[in-house]
Amino acid sequence: MDLQWIGYIGVIALVLSWIPQSVETIRLGRCPVNLNFLILSVVGSLSLAAYAFTLGDPVFSILNTITTVGALLNMYYKLFPRKNAP
């Protein structure tokens, strides 16, 4: 039985979890999330994306590429907050 659809549900759920945080970060112009968490998220998801690509696994390639982008976006605003950010 092909259970890949369960993987896609997981991809959707994890990607959707980054959306509210990223929207809030962009709206605020700064990221309230702990920097160590963001660094570990970037390193972890980027490493897993590279590994998933070598395996040819589309579910984990998509998931980890998108979560890397979300983590990098939040890290950018953590390191370079907008000047007029509250």
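Residues numbered from 1 in each chain as written. Predicted model: local features only at pLDDT ≥ 70, side-chain atom pairs only at ≥ 80, totals over all residues. Heavy atoms only, no water.

1. So, the packing of aromatic side chains
Here is step 1: As enumerated under the stated definition, the model contains three aromatic pairs in all.
Here is step 2: Aromatic side chains Y76 and Y77 sit 5.5 Å apart centroid to centroid with 85° between the ring planes, which places their arrangement in the edge-to-face category.
Here is step 3: Ring geometry for Y76 against F80: centres 5.4 Å apart, planes inclined by 45°, an arrangement best described as tilted.
Here is step 4: For F80, a relative accessible area of 53% gives the class exposed.
Here is step 5: Linked through ring pairs, Y76, Y77 and F80 together constitute an aromatic cluster. (Phe/Tyr/Trp six-rings, centres within 6.5 Å; stacked < 30°, edge-to-face > 60°. Buried < 20%, exposed > 50% of the residue type's maximum accessible area, 1.4 Å probe, protein only.)

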